[in-house]
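This is what each chain is made of:
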Amino acid sequence: MPELPEVEVTRRQLLPLLVGRRIASVVTTRPSYFFLTAPAVLRRKLPGRTVLALDRIGKYLLAGLDSGERLLLHLGMTGEIVRAGAIAADEHTHLRLRFHDTHPGVDFRDERKFGKVQLLAAGASPKRLARLGPDALRISAEQLRVASRKRRIPIKTLLLDQAVLAGVGNIYADEALYIAKVRPTRRAGGVTRAEFQRLAEAVQQVLQRAIEAGGSSISDYVQPNGSYGWYQEERRVYDREGEPCQRCGSLIRRRLLGQRSCHYCPRCQP
DNA sequence: CAAATCCCCTGCAGGC
DNA sequence: TGCCTGCAGGGGATTT
């Protein structure tokens, strides 16, 4: 399940595959929830365009084109963007880009179609981008504290709010709260300054480390070159219900928070 | 305004 | 073995 680290690893590996390439042809599946821009429009407008840049904002990728337009990509739950051939294309391969010369193409697969593709007009900033908070890699304790004031929601729910900080999802929220020794169910407005300090550091630390590890391949994430990430080997609590806490030996617990599973150590996360 | 709920989708695990 | 139910989750829309 792609969160900031998986999106960033994807971005870095896609850079040499995309930037500087001129699109020769586009193949799509039929219209669906996945396409915010109709696939017929993508097939018509993308050929001939050259990709000039590939940036990341939270969990979104943005490919800047020579027309000034930007192609927005979101991996959703099961999305994977790979070098053509790294993963066999099938009925879930919704967008395929082919380039001029002999450069390898790029395929965007997504089984559950929670991913997104949208072609943005030059200068356009859709609501979904405009509402995003600061990138999670640069979130400060003070920003978290201000966003939490008077909020009664659990601190974990706040961490998942992309308008507060962009990039954290279910796995890294649990991991960051564990590292910071803060129980996920704590009321956001009741978290102390010292805890916000630890939390901001933990968020950055866990995301940075996961990027270095190539992301987490917990359900089905793959890197653009077809490799798997290995951060799942380092996770402390996520999907480890019943296993001993590495700090105190208590058994990791799992419960539901909102509609999401939540994992924590009942002893060292007060 | 904040918070809770629902829904999009598909594969797979678990129960009987 | 096979069918059915439920769950997983990012995030926007809708409801309370």
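Here the structure is shown first, and the text comes after it.
The following paragraphs examine the structure supplied in this document. Here the structure is a predicted model, which means the values were calculated and not measured.

Calculation rules
Residues numbered from 1 in each chain as written. Chains lettered and ligands numbered in written order. Predicted model: local features only at pLDDT ≥ 70, side-chain atom pairs only at ≥ 80, totals over all residues. Heavy atoms only, no water. Near = heavy atom within 4 Å. Polar contact = N/O pair within 3.5 Å; in protein donor to acceptor, adjacent residues only side chain to side chain. Nonpolar A, V, L, I, M, F, W, Y, C, P; charged D, E, K, R; others polar. Pairing = 2+ DSSP bridges. Helix = DSSP H or I, 4+ residues; strand = E, 2+ residues; numbered from the N terminus. Axes fitted to C-alpha atoms, helices over the stretch in contact; angles between N-to-C directions. Phe/Tyr/Trp six-rings, centres within 6.5 Å; stacked < 30°, edge-to-face > 60°. Buried < 20%, exposed > 50% of the residue type's maximum accessible area, 1.4 Å probe, protein only.

Some thoughts on the protein's contact with DNA strand C
- Close contacts around DNA strand C come from 16 residues, with His 74, Arg 112, Tyr 238, Arg 254 and Arg 260 the closest.
- When the atoms of DNA strand C within 4 Å of the protein are sorted by group, sugar and phosphate make up 53%.
- Ser 261 has a polar side-chain atom sitting 2.9 Å from a phosphate oxygen of DNA strand C.
- Among the residues forming the surface near DNA strand C, the class breakdown is six nonpolar, four polar and six charged.

What to know about the sheet that holds strand S1 (residues 23-28)
- Strand order in this open sheet of four strands is S1-S6-S7-S5, and the pairing throughout is antiparallel. At either margin of the open sheet sits one strand with a lone partner, and together these are S1 and strand S5 (79-83). Averaged over all adjacent pairs, the angle separating strand axes in this sheet is 15°, with direction ignored.
- Where S5 meets strand S7 (residues 106-110), five bridges bridge the pair, whose relative direction is antiparallel. Each bridged residue has a counterpart across the sheet, and for Glu 80 the counterpart in S7 is Arg 109.

So, the protein's contact with DNA strand B
- Close contacts around DNA strand B come from Tyr 33, His 92, Glu 111, Arg 112, Lys 113, Phe 114, Arg 151, Arg 152, Ile 153 and Gln 259, and that covers them all.
- Take the atoms of DNA strand B that sit within 4 Å of the protein: sugar and phosphate atoms are 61% of them.
- One nitrogen or oxygen atom from the main chain of Arg 152 is found 2.6 Å from a phosphate oxygen belonging to DNA strand B.
- Along the lines of polarity and charge, the residues of the surface near DNA strand B split into three nonpolar, two polar and five charged.

Describing the packing of aromatic side chains
- In total, this model carries three aromatic pairs according to the counting rule given.
- Each ring, one from Phe 34 and one from Phe 108, has its centre 5.0 Å from the other, and the planes form 70°; the classification is edge-to-face. Of the two residues, Phe 34 is situated in the loop between S1 and helix H2 (39-45) and Phe 108 in strand S7; the sequence distance between them amounts to 74 residues. With respect to burial, Phe 34 and Phe 108 carry one shared label: buried.
- For the pair Tyr 172 and Tyr 231, a centre-to-centre distance of 5.7 Å together with 50° between the ring planes defines the contact as tilted.

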